[in-house]
Every structure is written in structure tokens, then in C-alpha cells.
Amino acid sequence: MKTGLAGNRRRLCAVGAIWAGATVLLSGCIFTPRVPEPPGAGVQIDYLPQSSPANVWANLGKSLEASHAPGWEANISQDEFSYIPDDAARDQFPPDTFVGWDRDREINFINGFYNSGVSIIALMVEDGFSFPPPSGSEMTVENIVYYLTVTNDADGSQVRYRGQCDVIFRLEANFWYIYQWRDLQGESDPITGQPLSTMGVLRGSFGSK
Amino acid sequence: MILLILLAVAVAGVPGADAQLPDDPSEGGEALGDSLSALADSLDADDPTAGMTEMEKAMFVASQEDRSETSTTVVGPFFQGVVNVPKAGTMANVRQFTYYLDLVTTARFQGNSVLKNTFKWSFEEYRKQDKNVQKRDNVLTYGLGANLPVIISLDGTSNWSEDQTVNTAGYANLSKRNQKRAGIRALRPVLQTGIFTHTLSASASINDQKSINQGQRNDFQEGNVDGGLQSAVRIAPGVSLAGRIYGTATSGERLLGTTTSPSNADGDSLGVGVYYNRGIAVGRVTITGANFEKKYLDFKRNTNGLIDTVGLDESQKVVDELETTDAIAYELDNTFRVGRFGFLTRLTKLTDNLNYTQSGMGLKEKEHDVMDLTLTYATGRDSFATSYDYLWKWDDQRYNGATENRGRQYNKSRDFEFNYFRNLFRRTNLNLRYHEGLVQEIAQYEYNDNDKDRHQIDFSARMDRNWVEKFSTTMVFAYQEVQDYNIRASRSSTNNVKESYEVSPGYGWTISPWLSLDQSYRVYIQYTNYSFAGEDVVNRADDYNKRGNLATKVIIDPSDRLQLTIRHDYNKRFAAAKTATDATGNAYYRRDLNQTTSKIEMGMVFRVVPGVSLEASTYRTKDERQALGPRNAVTTNYSGEMWAGAHVRRRWFKKNPLELSAMVRKYNAFGPSVTETSSDYWESDIWLKWEF
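Keep in mind that what you see is a predicted model, and the values were worked out from it rather than measured. (Residues numbered from 1 in each chain as written. Chains lettered and ligands numbered in written order. Predicted model: local features only at pLDDT ≥ 70, side-chain atom pairs only at ≥ 80, totals over all residues.)

1. Points about the overall build of chain A
At step 1: When helices and strands are counted, chain A shows six helices and five strands.
At step 2: Starting at the N terminus, the α and β elements of chain A follow one another as α-α-α-β-α-α-β-β-β-β-α.
At step 3: Per-residue burial over chain A gives 46% buried out of 209 residues.
At step 4: For chain A, the share of sequence-separated contacts (at least 6 apart) that also reach a separation of at least 24 residues comes to 61%. (Helix = DSSP H or I, 4+ residues; strand = E, 2+ residues; numbered from the N terminus. Buried ≥ 20, exposed ≤ 12 C-beta atoms within 10 Å, placed from the backbone. Contact = placed C-beta atoms within 7 Å.)

2. Description of helix H5 (residues 103-115) of chain A
At step 1: Look at H5(A): 18 Å from first C-alpha to last across 13 residues, which is about the 18 Å you get at 1.5 Å a residue.
At step 2: When we look at burial in H5(A), the residues that qualify are A:Arg105, A:Glu106, A:Asn108, A:Phe109, A:Ile110, A:Asn111, A:Gly112, A:Phe113, A:Tyr114 and A:Asn115.
At step 3: Buried residues belonging to H5(A) abut helix H3 (69-75), strand E1 (82-84), strand E2 (118-123) and helix H6 (199-207) of chain A together with strand E16 (409-425) and strand E17 (428-443) of chain B. (Expected span 1.5 Å × (residues − 1).)

3. Comments concerning the nonpolar core
All names here are of chain A.
At step 1: Counting residues in each nonpolar core, the largest one holds 44 residues, and the members touching the most others are Phe 113, Tyr 161, Val 167, Phe 169, Tyr 177 and Ile 178.
At step 2: Looking at this core, the elements that each hand over two or more residues are helix H2 (53-66), H3, helix H4 (87-90), H5, strand E3 (138-152), strand E4 (158-172), strand E5 (175-186) and H6.
At step 3: The element best represented in this core is E5, accounting for seven residues.
At step 4: In this view, Val 167 contacts Trp 57, Val 141, Ile 144, Ile 178, Gln 180 and Trp 181; residues no more than four positions away in its chain are not counted. (Core = buried A, V, L, I, M, F, W, Y, C linked by C-beta atoms within 7 Å.)

4. Points about the sheet that holds E3(A)
Residue and element names in this part refer to chain A.
At step 1: Strand order in the open sheet made by the five strands is E1-E5-E4-E3-E2, with mixed pairing throughout. Each edge of the sheet is formed by a strand with only one pairing partner; in this case those strands are E1 and E2. Strand after strand, the sheet turns through a mean of 30 degrees between neighbouring axes, direction not considered.
At step 2: Note that E2 and E3 share six bridges and pair antiparallel. Its bridge partner lying in E3, Val 118 is registered against Asn 152.
At step 3: Seen against the sheet, H2 touches E2, E3, E4 and E5 and runs at an angle of roughly 155 degrees to E2.
At step 4: Set on the sheet, H6 makes contact with E1, E4 and E5; between it and E4 the angle comes to about 90 degrees. (Pairing = 2+ DSSP bridges. Axes fitted to C-alpha atoms, helices over the stretch in contact; angles between N-to-C directions.)

5. Here's the deal with the packing of H5(A) against H6(A)
All names here are of chain A.
At step 1: For the pair H5 and H6, the least separation of the axes is 8 Å and the interaxial angle reads 85 degrees. For the element pair H5 / H6, the angle class is roughly perpendicular. Facing H5, whose interface residues are Arg 105, Asn 108, Phe 109, Gly 112 and Phe 113, H6 presents Leu 202, Arg 203, Phe 206 and Gly 207. (Parallel < 35°, antiparallel > 145°, perpendicular 65-115°, else oblique.)

6. Quick word on the environment of A:Thr97
At step 1: Structurally, A:Thr97 can be placed in the loop between H4 and H5.
At step 2: Separated by 110 residues in the primary sequence, A:Thr97 and A:Gly207 have C-alpha atoms spaced 8.4 Å apart.

7. Overview of H6(A)
All names here are of chain A.
At step 1: With nine of nine residues buried, H6 is to be regarded as a mostly interior element.
At step 2: Residues of H6 that are buried: Met 199, Gly 200, Val 201, Leu 202, Arg 203, Gly 204, Ser 205, Phe 206 and Gly 207.
At step 3: Here the buried face of H6 lies against E1, H4, H5, E4 and E5.

8. Examining the interface of chain B and chain A
Put simply, an interface is often sized by how much accessible area is lost when its parts join up.
At step 1: Opposite the 89 residues of chain B that make contact, chain A presents 65 residues.
At step 2: Here the residues of the side of chain B that touches chain A are counted per class, giving 26 nonpolar, 43 polar and 20 charged. (Nonpolar A, V, L, I, M, F, W, Y, C, P; charged D, E, K, R; others polar.)

9. Considering the pairing of strand E8 (residues 216-236) of chain B
Consecutive residues of a regular strand have side chains that alternate between opposite faces of the sheet.
All names here are of chain B.
At step 1: Alignment of strand E7 (residues 196-213) against E8, held across 16 bridges, turns out to be antiparallel. Residue pairing for E8: Asp 208 is matched across the bridge by Gln 221.
At step 2: Linkage of E7 to E8, two consecutive antiparallel strands, is achieved through a turn of two residues, within which Gln 214 is found at a positive phi near 50 degrees.
At step 3: Bridging between E8 and strand E9 (residues 239-256) involves 18 bridges; their strand directions are antiparallel. In the strand pairing of E9, Gly 223 is matched with Ser 251.
At step 4: What sits between the antiparallel neighbours E8 and E9 is a turn of two residues, in which Gly 238 has the positive phi angle 80 degrees.

10. Regarding the environment of B:Ser684
All names here are of chain B.
At step 1: Its location among the elements puts Ser 684 in strand E28 (residues 680-690).
At step 2: Along the sequence, Ser 684 and Thr 98 sit 586 residues apart, while their C-alpha atoms lie 9.8 Å from each other.
At step 3: Among all residues touching Ser 684, those that are not within four sequence positions of it are Thr 90, Met 91, Ala 92, Met 663 and Val 664.

11. Topic: the pairing of strand E18 (residues 452-468) of chain B
All names here are of chain B.
At step 1: Relative to E18, E17 is paired through 14 bridges, and the arrangement is antiparallel. Looking across to E18, one finds that Glu 441 is bridged to Lys 452.
At step 2: Here E18 runs beside strand E19 (residues 471-486); their pairing, made up of 16 bridges, is antiparallel. Bridge pairing links Asn 466 to Ser 472 in E19.
At step 3: Following E18, the chain reverses through two residues before pairing antiparallel with E19.

12. Looking at unusual backbone geometry
Residues and elements named next belong to chain B.
At step 1: The phi torsion at Glu 446 lies on the positive side, around 50 degrees, for a residue other than glycine.
At step 2: Inspection of the secondary structure puts Glu 446 in the loop between E17 and E18.
At step 3: For Glu 446, a count of 12 C-beta atoms within 10 Å corresponds to the exposed category.
At step 4: Of note in this structure, Phe 653 is not a glycine but carries a positive phi near 70 degrees.
At step 5: Following the sequence through the fold, Phe 653 ends up in the loop between strand E26 (633-652) and strand E27 (658-670).
At step 6: The exposure class of Phe 653 is exposed, given the 11 C-beta atoms found within 10 Å.

13. Notes on the confidence of the model for chain B
All names here are of chain B.
At step 1: On average, residues of chain B score 87 in pLDDT, and 89% of them are at 70 or above.
At step 2: Scored below 50 in pLDDT, residues 1-71 makes 164 contacts in the model with residues more than four places away or belonging to other chains.
At step 3: In the predicted assembly, ipTM is 0.87 and pTM is 0.85. (pLDDT = per-residue confidence, 0-100.)

Shown next as C-alpha cells:
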């Protein structure tokens, strides 16, 4: 009887091992990325090393202007990212739109945003704003005012966003990342004086699609 | 939302199908969430309150209470009693002060009939912004209990809020909202006709909202009726067939800006499913279809659905929008269990067409397919789980006025994971994990240049051993490789492969009942290799980064009332860029940065008497950065924080209890990133509650 049970167990283990092995072998084929085209001339995106929060924030601007999603993904926390909208942006969308906004939702947003056929001009800080020097392994930088002009290539329409936010940066392993982005309020257009929305409106529009 | 409440309650009433109710069809596929939401939310069996506001949740909970109490009917006098629970409190933190007052009144009548009123008032004053928010909410629910053969409940809500914000340019905005709602709902959870078991539900409500934001009014007065029927029949032992039909209609008038127009919406959904629990198989197969049509006032939107009224006359800013949705969801969820093996399968297919007549978005088409396969095996000593997940989704769009579609945007994702656990020998466990994933973005007809692949491999091994009861060790090794590839020439200059290694040994030692020590050392190493680093048009250099971290934690309990905690974190890291590779392939790097960070932290908790404790904590950090290059520069920064406070929790009187909770802390902080408002502030959470 004991021998029979042991035999069954061996057989079951063998089935499991075969299944797992087959999956691994199969994965070797279907997990191969495509071969990229060599870069063309004049299309360099000069990301800064993520050695300080200032560089990380600047990299987001470079990612926006190049519509380059990997640049955004590389600068937000690889472990836990969160986004907290301002009240005005949150109220424009269904109640659960921003609940649990994490790295996956952020990546979904940025891909949806860039894939929608937009050209972006990004000023990630106001003139005169300076980042404090990096210190410790976590830093909160307050009252950052960013300003985006988003041109829709399909219809030529232009929408501007200007918001004030607090951002928590964290040192994870060897580099700084954005750990939390909290939009505080929309700011006025410096040219027209028109009150503008924060990027929460963009996140709500593209992150839920 | 009534729809959600009704169907969540209705679906929960189907006998034999409670554990296998259809999940939200949009689960894991937010792509379909927007247009399927009305239907999808209604089918969410896991969390029936998902998406509700706090007020709506309170209403839902109240309705559940009404329902649950019908099972044990209370007899006696007509009026059973009333309970009032007032609560007043204040909270403070680095961002805001909040003052609030709640009053919950519950009156109980014969036959489990319950009248409940919840009133909430709050005032928020922001420290870092010129902003105040005041809110007044009231929810009144009345459940008739078991006095009638159907469950009937009435509710009325009032939500009022005023948000005054002044931005840095001095622009002051007043956002006001006053919303009122009254509704009645009826539910017949179990109605047996022959072999069929039915659940019937119906509701009616009126909604009135007046709001203004940035000088633009957004008002509506609407009435809504809806009804649903779910029928289930047992077709074989352990197998049930259930069908569901639901319809809703809304009509009223809306005002947006200066434009007034009638509004209406109607929708229906039809679903059918087979639920089984027989032999080795448990699962369900379901098909759900939904249609929705909504007519409402909206601001002019561009092809991406963003409000775009710049340069338009007032009369052109608002349009009469007609939105239609057709959606269908198929789902198979199955679990086979054979001995110690489990095989789980989940297949879903969702399609959704959303059309706008006025918005530049036009027609949006979406499809979302998911396959999850999981194999598990468990014994006393070994266990493993493997899973393979596949996601394939796309969306397409035909802009308003266009004759052809934009092109599909595909998103494909594959994930394989293997987890293995083994008890190696006495008190020693081993965990192994392997993961491989590929995520692809593909634009049909190359309508954009954002095609990209991200390939990731993770491997980790962890061994834990309890040497003796008071001493344990841990060893972790982790490896990760991430390939970020942009496919098109205009984006591929930054393509790179990142390889990371982490080694982390640690131990925990309870030296004596009043003294324990934990210490761990972690080393992180990351190499970044740019795929086209040698090309003339690419000026990126491969790099190498390393960080070591020694973390120490000591806990001292000198007495039952006092606990002291001391932590120390010591970090040393450097960053280097590749300068050359020799003939044998050895790479040479130049250091660009050295950084050393040391942080010491101390905390104390002293329990003065039961329910009263004093707490304090402080830390100080020294950060030294040495930038290496033509000019070496050393920067040293110090930062720190200290807080001290008390925590009180007391309760008086057994009858009509009075309860006090108070947490107060005073914070002081300094450092390069600490602003004036963050350097000196109070944190508190104080409330007083009475029940009578």
C-alpha cells in the first residue's frame, strides 16, 4: 500500500514537472521581444541619471516632450507608486477613478496618453524654482508648479494644464524614483489668466480607458 | 447607483449561486470600464459597494441591515426603541485641520422595521493652500422589515458642499454642490414558481442637483425607474442555470453653463450563466450583453475626449450629446482539483462599442481577452504553483467626421510565474520564485511611433532558519533583468537592458525578554547597458551602480510600561559610467558619484496608566555626496525630525457609554527639503462619542 501511494506521488510530481518544464520551454519562444530598428539621426532623448530628485523630475519632462513611455516608467517607483488627485480633478470623474492609483494604473495612463496622438510641451517647474539637494533616502518636494501644452495631432486642438503638486521621491536600490505624486490645485494660465486643470484630468481621461 | 444596490442585493439572493456569482466583467480590464460601468458595477459580486461614495455605502449597508434582520422577526410593541450616537472630533496633520460632527439616530419598530438617519458635518482648513471645504451630508433610510412579503426600503439623501480655493495667481474659485435624492426600492429575493427560483427587484428615485464651479452651472432634475428579474433553475445535481434581465430609464432636464435641455437615458442588460460544483470541477460560464443610450448636455470635447472650449462662443461651448454603448462579455471560470493538484482556468472576452454624436471622439471600439492558467501542487514538505497569464486587448477609434478608423492600438501581455516552497530540513525553509513577462504595445498601420516591448525576468531565492527559538537567520538572493525596447527608429536610442543583483543576509536575536536585536545587510548592484551605445547618434554610456545598506534595530523593554526602539541605517553607494572595454571583454568604469548616508532614529512609548500612553520619536540624518569629475565637490546635508505626544483612550459608563480618544503629537523638523509649514506643526485625532 505504501509503495502504491509513493508511486502515485512520484507520478503526480512527474506530471507537474513536465507541465512546468513545458511551460518554461514554451516561454522561451513566446517571451522573445521584437528586434528594434536602429536609432535615426537627431532623435536622442537625453535622460539624466537618476541620482537626484531634480533629475528624476526633469526626466518626466523629457519623456513628455518625446512621448516616450519607458522614460516615464523608469522614473516612477518600481515598487509602490501612488497618485492623489486634487479635489477639482477628482470631482470630474466617477468616484472610484483614482482609488488605488498605483504603478500599473500610471503606466496604463502614460501609454494611453502618448498613444493618443499628442504633441506635448512641458515645463516641469516654474522659473526660479530650485530643488533642494538630495538628502537621506526619502524627500518631499513641495509646491512644484508644472505647465503642459497638449496639442492634439488629429484635430489640431490645444489644451493646457497647469498644476501645483507635492512629490515624494525615494531612493530605491541605487536610484531615485517618484514614490507619490499629490496634485494640490489647478493654477492659472500665465498668459491668459484662465484657470487650468491639473494632470489629474489627463489621468482620469486616459487612465480609465 | 440604485441599479448597483438593487442588483447587488438581487444577485446575492439566488440560492445555490452565491459563491459563484459573475464577477465584474471589467475586472482587470479597465479598458471597458467607462462604457460598461453601469452594467459592470451592477454585477460586481466581490464588493457590492465598489464605486460608491461614503453616503451611498451607508445606504447600502442600511439596506443590507434591513434585509438581514427579516430572518429573525422581533415581536413586541410597535416602537422598540431609539439610539442616538453623536460624535464630535477634530483632526490635524501637516496638510489640514478637520473639524467634524456626526449624529447617527436609529429607531427600531415592530417586525424589524428600522429608521436610520446619519448626519455628517465637516469643515476642512488647509495649511499649505488657501483652501477651505465645508460639507453637510444626511442619509435617511427606512426599511419596512418583515411587515410585508417583499423587502421595501425608502431613502433620502442630501449632500451639500462648498469648496473655496484661491490659487497662487489669486484666482478664487467657489465650487458648490447641493444634491438631493429620494428613492424607494422593492425586492422579492426568493419567489418559487415550480422548479424556478426568482429574484425580483424594482426601484424609483428622483435626483436634484444644483452646482456651480468656475462660474459654470451644472444642474439637473431627473427621475429614474428600473427593474430586474433573475431566475435560476437546478438542471442537474450540482449544476444550475441562471438568467438575468434588467432595464432602466431616466428622464429629466439639465442645465450646463447657460444652456438648458431635456435629458434622458435608458439601458438594458441580459445575462445567462451556468454554475456548477460537481465532482472535481467548480466554476461557471456566463454571457452578458448590455446596451445603453444617454442624452445629456456636455462641454465640447476634442478627439481625445478632453474638454476644449478655447476660442469658442458661449453658445458653442455646450453641446447636446448622445452617447450609445453596446457591450458583451463572455466568461469561463473553472477549477479542477485532483488529489493535491489544482488547475485553475479563467477565460474572458469583452467587446465594447461606444459612440458619441457630438464629441470629437466619435466611435470607440474595444476588445479585451484574458487567459489565466494556474497549476498548484501541495504536500507536507513541497509545494509549487505555476501560472501563465495572457492578456490581449486593443482599442480603435473613428474620429467624428472621419471615414476611416485610426488603427488599432494593441496591448499584449504574457506572464509566467513559478513558485516553489520546500522545508529543507528541520526549521529551515526554502522559497524559490521565477517570473518571466513580456508586455508589448503595437500600433496598427504604425499610426504612432510608440511600439515597444518590455521583457522582464525575475529570480529570487530565500532561505529562513530558526536556529533556536531566540535566533533566526534569513538569506535572500534576487536577480532581475529588464529589457526596454522601443521598436521604431525615432524612439530606440534609449533602448537598454538593466541587470540587477541583490544579496541580503540578516538575523534576528531575542537576547533576553527585554532586549532584541535585528540586523540585515543588503547589497544592490545594477548594470545598465544601452543597446545602441556604440552608434554615432547615441551619446549614452553604459553604467554601473552599487549600494550597500546596513540596517540595525534594537528594541528594549526595561519594564512593562516602557519600550524603547533604536534604529540605525547606514548606506554607501556609488555610480560609475563605462569608459572602455578591453579585448577580452572586461569593462572599465569611471566613478562619478560617491554618497554616504547615515540615519539614527530613536522611539519611545511609555504607558502611564491603562488607556494613556506617552510617545516620542526622533531621527537625524547625515548625507554626504562627493561628485567626482574635473572638479571634485563634496556636499554635506543634515536633516532630522522630532515629535512628542500622548495617546488617550477612555470609556465611561456601561449604559449610555461615553468614549474619548485623543492622539496629539507635536512635530518639529529640519533639512534641505523641509518647508516652513512642514517644520513646525501638530498632528492630532481627537474625538468624543456618546451613545444614548
